[in-house]
Amino acid sequence: MKVWLGFILIYLLAVPWYFPTGSWKPLIMGFPYWGFAVLIATLALSIYYAYVVLYRWKGTKIE
Amino acid sequence: MAKQLTIGTGALIFMIGYIAFSIVIGYIAGKKKLSNTAEDFFLGSRTLGTLVLFFTLYGTQYSGNTIIGYPGKAYRVGFIWLMSVTFMVSVLVGYLLFAPRLRAYADKYKYITPSDFIYHRTESKAVTFLASIFMLYAMSNYVLAQFMAMGHIFEGISGGRIPYAAGVIFFAIIMFILIHLGGFRGVAWTDTVQGITMLFGLLLIIGIAFSKAGSLSEITMKIAQMKPKLVGAPPGKVIATWYSVLILVGIGAAIYPQAIQRIYAARDLKTLKKSLALMAFMPYITTLVVFFVGIICIPMFAGLGKIKSDEVFPMLLSKVMGESAWGYALVVIVLSAVGAAIMSTADSVVLTLASIYAVDVHKKFINPNLTQEELARVGKIANAIILAILTYIAITPKLTLWRLTEIKFEFLIQVAPAILLGVRAKKLNNTGLFLGMLVGGVMAAGMMLSGYSKFHGIHAGLWGLLVNFIIVLIFNAISKPKEDEIRKFEERFEKVLAEVRE
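Residues numbered from 1 in each chain as written. Chains lettered and ligands numbered in written order. Predicted model: local features only at pLDDT ≥ 70, side-chain atom pairs only at ≥ 80, totals over all residues. Heavy atoms only, no water.

The next subject is a positive patch on the surface. Residues and elements named next belong to chain B. On the surface, a cluster of positive charge is contributed by Lys-73, Lys-237, Lys-306 and Lys-454. Looking at the secondary structure, you find Lys-237 in helix 12 (residues 236-254). Since its relative accessible area comes to 59%, Lys-237 is described here as exposed. (Patch = residues over 30% accessible without salt bridge, like charges linked within 9 Å, V, L, I, M, F, W, Y side chains within 5 Å. Areas by Shrake-Rupley, 256 points an atom, 1.4 Å probe, with all protein chains shown as cover. Salt bridge = Lys/Arg side-chain N within 4 Å of Asp/Glu carboxyl O. Lys, Arg positive; Asp, Glu negative; His and termini not counted. Charge placed at Lys NZ, Arg CZ, Asp CG, Glu CD. Helix = DSSP H or I, 4+ residues; strand = E, 2+ residues; numbered from the N terminus. Buried < 20%, exposed > 50% of the residue type's maximum accessible area, 1.4 Å probe, protein only.)

Now for the pattern of salt bridges. Residues and elements named next belong to chain B. Within the structure shown, the criterion is met by 11 salt bridges over all chains. Between Lys-364 and Asp-116 there is a salt bridge whose closest N-O contact spans 2.9 Å. Of this pair, Lys-364 sits in helix 18 (residues 325-366) while Asp-116 sits in helix 8 (residues 114-122), and the two are 248 residues apart along the sequence. Taken as a pair, Lys-364 and Asp-116 share a single burial class, namely buried.

In this section: the packing of helix 1 (residues 9-31) of chain B against helix 9 (residues 125-157) of chain B. Residue and element names in this part refer to chain B. It is the contact of helix 1 with helix 9, at a shortest axis distance of 11 Å, that shows an interaxial angle of 155 degrees. The angle between the axes of helix 1 and helix 9 places the two elements in the roughly antiparallel class. Crossing of helix 1 against helix 9: the hand is left-handed. In contact with Leu-12, Met-15, Ile-16 and Ile-19 of helix 1, helix 9 contributes Met-150, Phe-154 and Ile-157. (Axes fitted to C-alpha atoms, helices over the stretch in contact; angles between N-to-C directions. Parallel < 35°, antiparallel > 145°, perpendicular 65-115°, else oblique. Left-handed = near helix turned anticlockwise from the far one by under 90°. Contact = heavy atoms within 4.5 Å.)

On to the interface of chain A and chain B, then. A common way to report how large an interface is uses the accessible area buried once the components associate. Between chain A and chain B, the contact holds 38 residues from the first and 45 residues from the second. Buried surface at the junction of chain A and chain B, both sides included, amounts to about 3,500 Å², of which 78% is carbon and sulfur. Our count for the chain A to chain B interface comes out at zero salt bridges. (Buried area = accessible area lost by both parts, 1.4 Å probe.)

So, about the packing of aromatic side chains. A full pass over the atoms with the stated rule returns 38 aromatic pairs over all chains. Taking the centre distance of 4.4 Å and the plane angle of 50 degrees together, the rings of A:Tyr18 and A:Phe19 count as tilted. Overall, the relative accessible area of 30% leaves A:Tyr18 in the partly exposed class. Between B:Tyr109 and B:Phe493 the ring centres are 6.3 Å apart and the planes differ by 70 degrees, which places this aromatic pair in the edge-to-face class. Of this pair, B:Tyr109 sits in helix 7 (residues 99-109) while B:Phe493 sits in helix 25 (residues 483-499), and the two are 384 residues apart along the sequence. A relative accessible area of 29% means that B:Tyr109 is categorised as partly exposed. Among the aromatic side chains, those forming a connected cluster through ring pairs are B:Tyr105, B:Tyr109, B:Tyr111, B:Phe117, B:Tyr264, B:Phe489 and B:Phe493. (Phe/Tyr/Trp six-rings, centres within 6.5 Å; stacked < 30°, edge-to-face > 60°.)

In globular proteins that are soluble, nonpolar side chains generally tend to be buried together. In this structure, A:Trp34, A:Tyr49, B:Phe42, B:Tyr95, B:Phe98, B:Phe147 and B:Phe291 are the most contacted members of the largest nonpolar core, which totals 208 residues. At 19 residues, the largest contribution of residues to this core is made by helix 18 of chain B. Here A:Tyr49 is in contact with A:Phe7, B:Leu92, B:Val93, B:Tyr95, B:Leu96, B:Leu276 and B:Ala280, once residues within four sequence places are set aside. (Core = buried A, V, L, I, M, F, W, Y, C linked by side-chain atoms within 4.5 Å.)

Within chain B, residue pLDDT values average 91, and 98% of them lie at 70 or more. Across the interface, the model reports ipTM at 0.97; the global pTM reads 0.93. (pLDDT = per-residue confidence, 0-100.)

In structure tokens:
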């Protein structure tokens, strides 16, 4: 169950609902700051996913 | 593809040769077959290693539309299209909802199709039939889009020397020979070659794009001046759609039968895990690259309407092609990568369609006494017939203009309760499953066809799925648990879980 809480937390951060609508400055590496945040959260999702698949998926269980 | 991308005869022959080359791979793969059984033809005898499994997952999940369609989307919606990077990871997260258990059951009971599991779990012909129909429909539309894209590309790059219909027919013939000779092994091996070509092409694309457009900061500043909405943080309604897409694609694409069959076909669990973990990083060199292409085109080709904006990628390539011989060569390679993306999706889906016909329709409803060898033969005949039907639809404009060809995930995702609940719930009421699937599918398709592809920002398919799940849960709650059903689940499935080792 804890594993899934991790996914939920990352998904909460991976969609930019928590920024003021229409804002975009400053730019970070060319991205509007909120887009950069989305990208970083998505990267966290990929890394967490790989971790879960390789180390928390045991036989038929993910724990 | 735009007419301005017309290439010379030499380059055209190169591309045709590249596509036809897959027949050679199919032939070699056919020589390596372990038996004449359906299991070998449809799943390569479940012996796929990490590299080939990874590339066939990659080639199958990322279609021609990812490369040619997505730049237009990024062009229209701007930085919001970063969602395409997230939803491609979500597909993999979707697998985790059912793959660990389903993989164990499939290993034990030698399932070939997703419906094999559904039938074994529910013992209901009605549920299995409806699920198979929904899956067939979604996949046929998916592969139809690949066929049409191939026809348009041939027509575009040959400047009309290869008419659209001839391109589609040529492509269908190549697919037929490849699948007929190589079966699943042939498909997976060609996917590996295609996957490598795609990656190479994508690297070139990113190089081309930034050499033409300067730094991302400059581009973003320009877009902010022209169309501030495309760089601004999105409003609430878009946020709802964003989550809706993540769920729709995450669950929908994960239960695509060709995806599930790749879970079945892995040599062992370790192989599957390694391939999936690697796949989690592919969006950054695929959908993110394609996103950049669309973004770069916003200031470069300002003011295009919806239909024209779908052409931004060919427009960019055309610009590069006209500049030098080197640019021309680059474009031919990129076009081959697009062809590779289309082929590696189409071959996998067509073979899966053939397996669903042979195993889920022919064996379950027409002739249950077929041997493994006969089943493989039925699969080969089904391959030919399916390709003929798809070709006919693709070259008949009356049929392809029909909105019904747009319905994919709306139907497909309705199969989710049967799989997601099926792998773990001891009690599952078949009437609820059937009605939920039917009502959810009809509702989602009805919304789509009446112009409500989204309602309050949420996709029609998800509203259908919500109603579907509610129906399933209500029927489950009001029906009495039958002791023998629960015992059967424990003996048939829970026992397997205990047996599995790494």
